Amino acid sequence: MGRSGFLLSANYKIQYDKLEQEWKSFNYEFMVVYPGDLEVDLYQLLGPYTDENWVNRNAFEAADQQVKEALTDEDFFYAYFNRGSAQVDLNDFYGAAQSYDLAFHYYANLDTKIRPYRIVWYQTGPYYAYYYTGRYQDLIALADITLASTKEPFLEESYYWRAMAYHALGEIGNAQDDLKTCLEVHPGFSPCTILSAELGGG
């Protein structure tokens, strides 16, 4: 732990306020790497964070509080997006879809210099929310925008979810095309491999 508001880790230091600002875009998720012989001590330190249900509920409540405290369009975007992600983890897909709708409403108002256009590259919660509420066209539109945001044909999750939406709509040819691209980008990616096999593609 550093002084003067800095966090030190592996020769990299960052101010706490900057860390919190950047961490917000990942809904404050964290991973603990630890030696196995310290597991008991670690679990005592983590307390309720070892309970997945508690963690998901706590994340929802924290994001809901962020919504109430938001002042700018950027604040509202992250608050609603994080709330949607927490609702996906709680299997509240309808609530999540509504939260993501509000997030993308505020996203549209952001200056292009600060728009987090890569957020769906790493956080695919909106795909779950739209798919499991039957909003297949909205899923396809989001995947189109996400895939268009990169110059290279990667983001296998976006190809997979768009294929899922096409499959649900009966557009099997489009689904197979996306699955083919998905597996070219990431050979052996199991979700695409499984769906491709179901559609007779492998």
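Not measured: the values here are computed from a predicted model.

Now for the confidence of the model for the protein. Model confidence for the protein is summarised by a mean pLDDT of 89, while 94% of its residues fall at 70 or above. Low pLDDT, under 50, characterises residues 1-6; the predicted model gives this stretch 12 contacts beyond four residues in sequence or across chains.

Another point: a negative patch on the surface. There is a patch of like negative charges on the surface, built from Glu29, Asp51, Glu52 and Asp89. Counting through the fold element by element, Asp89 comes out in helix H4 (residues 73-89).

Okay, the packing of helix H10 (residues 172-185) against helix H11 (residues 190-198) next. One way to put it is that H10 packs onto H11 with a least axis distance of 9 Å and a crossing angle of 145 degrees. Here the hand of the crossing between H10 and H11 comes out left-handed. Note on element contacts: H11 touches H10 through Cys192, Thr193, Leu195 and Ser196, opposite Leu179, Cys182 and Leu183. Grouping the constituent residues of the contact of H10 with H11 by class yields 5 nonpolar, 2 polar and no charged.

Here we take up the packing of aromatic side chains. Counted according to the given criterion, the structure contains 22 aromatic pairs. Each ring, one from Phe81 and one from Tyr100, has its centre 5.0 Å from the other, and the planes form 70 degrees; the classification is edge-to-face. Placement of the pair is Phe81 in helix H4 and Tyr100 in helix H5 (residues 93-107), with a sequence separation of 19 residues. Assigned by exposure class, Phe81 and Tyr100 land together as buried. Measuring from ring centre to ring centre gives 6.4 Å for Tyr132 and Trp161, while their planes differ by 75 degrees; the resulting arrangement is edge-to-face. Note that Tyr132 is positioned in the loop between helix H7 (125-131) and helix H8 (136-148) and Trp161 in helix H9 (residues 156-168), a separation of 29 residues in sequence. Positioned above the aromatic ring of Trp121, the side-chain terminus of Arg118 is 6.0 Å from the ring centre.

A word on a nonpolar patch on the surface. A surface patch of nonpolar side chains, amounting to about 900 Å² of accessible area, comprises Trp23, Phe26, Phe30, Val32, Tyr34, Tyr43, Tyr49, Trp54 and Tyr122. Within the fold, Tyr34 resides in the loop between helix H1 (16-24) and helix H2 (39-46).

The next point concerns the packing of H9 against H11. Following both chains from N to C, one finds H9 and H11 inclined at 25 degrees, their axes separated by 9 Å at the closest point. It follows that H9 is roughly parallel to H11 by the angle criterion. Seen along the crossing, H9 lies across H11 with a hand that is left-handed. Listed contacts from H11 to Glu156, Tyr160, Ala163, Met164 and His167 of H9 are Pro191, Cys192 and Leu195.

This part is about unusual backbone geometry. Phi angles above zero are rare outside glycine, and Asn91 is one such case at about 65 degrees. With respect to the helices and strands, Asn91 occurs in the loop between H4 and H5. Given the relative accessible area of 57%, Asn91 is considered exposed. Positive phi outside glycine occurs at Leu155, with the angle close to 70 degrees. Here Leu155 lies in the loop between H8 and H9. Residue Leu155 is classed as buried on the basis of its relative accessible area, which comes to 7%.

Moving on to the nonpolar core. Judged by nonpolar contacts, the single largest core of 44 residues is most densely connected at Phe77, Tyr100, Tyr127, Leu139, Tyr160, Trp161 and Leu195. If you list the elements that add at least two residues to this core, you get H4, H5, helix H6 (119-122), H7, H8, H9, H10 and H11. Once residues lying within four places of it in the same chain are set aside, the contact partners of Leu195 are Tyr160, Ala163, Met164, His167 and Leu179.

A full pass over the atoms with the stated rule returns 1 disulfide. The partner cysteine of Cys182 in its disulfide is Cys192, sulfur to sulfur 2.2 Å. Sign of the S-S torsion, about 95 degrees for the bond between Cys182 and Cys192, identifies this disulfide as right-handed. Taken as a pair, Cys182 in helix H10 and Cys192 in helix H11 lie far apart in primary sequence, 10 residues in all. Summarising the burial analysis for this pair, Cys182 and Cys192 share the class buried.

Rules of the game
- Residues numbered from 1 in each chain as written.
- Predicted model: local features only at pLDDT ≥ 70, side-chain atom pairs only at ≥ 80, totals over all residues.
- Heavy atoms only, no water.
- pLDDT = per-residue confidence, 0-100.
- Contact = heavy atoms within 4.5 Å.
- Patch = residues over 30% accessible without salt bridge, like charges linked within 9 Å, V, L, I, M, F, W, Y side chains within 5 Å.
- Areas by Shrake-Rupley, 256 points an atom, 1.4 Å probe, with all protein chains shown as cover.
- Salt bridge = Lys/Arg side-chain N within 4 Å of Asp/Glu carboxyl O.
- Lys, Arg positive; Asp, Glu negative; His and termini not counted.
- Charge placed at Lys NZ, Arg CZ, Asp CG, Glu CD.
- Helix = DSSP H or I, 4+ residues; strand = E, 2+ residues; numbered from the N terminus.
- Axes fitted to C-alpha atoms, helices over the stretch in contact; angles between N-to-C directions.
- Left-handed = near helix turned anticlockwise from the far one by under 90°.
- Nonpolar A, V, L, I, M, F, W, Y, C, P; charged D, E, K, R; others polar.
- Phe/Tyr/Trp six-rings, centres within 6.5 Å; stacked < 30°, edge-to-face > 60°.
- Buried < 20%, exposed > 50% of the residue type's maximum accessible area, 1.4 Å probe, protein only.
- Lys NZ or Arg CZ within 6 Å of the ring centre and 35° of its normal.
- Parallel < 35°, antiparallel > 145°, perpendicular 65-115°, else oblique.
- Core = buried A, V, L, I, M, F, W, Y, C linked by side-chain atoms within 4.5 Å.
- Disulfide = S-S within 2.5 Å.

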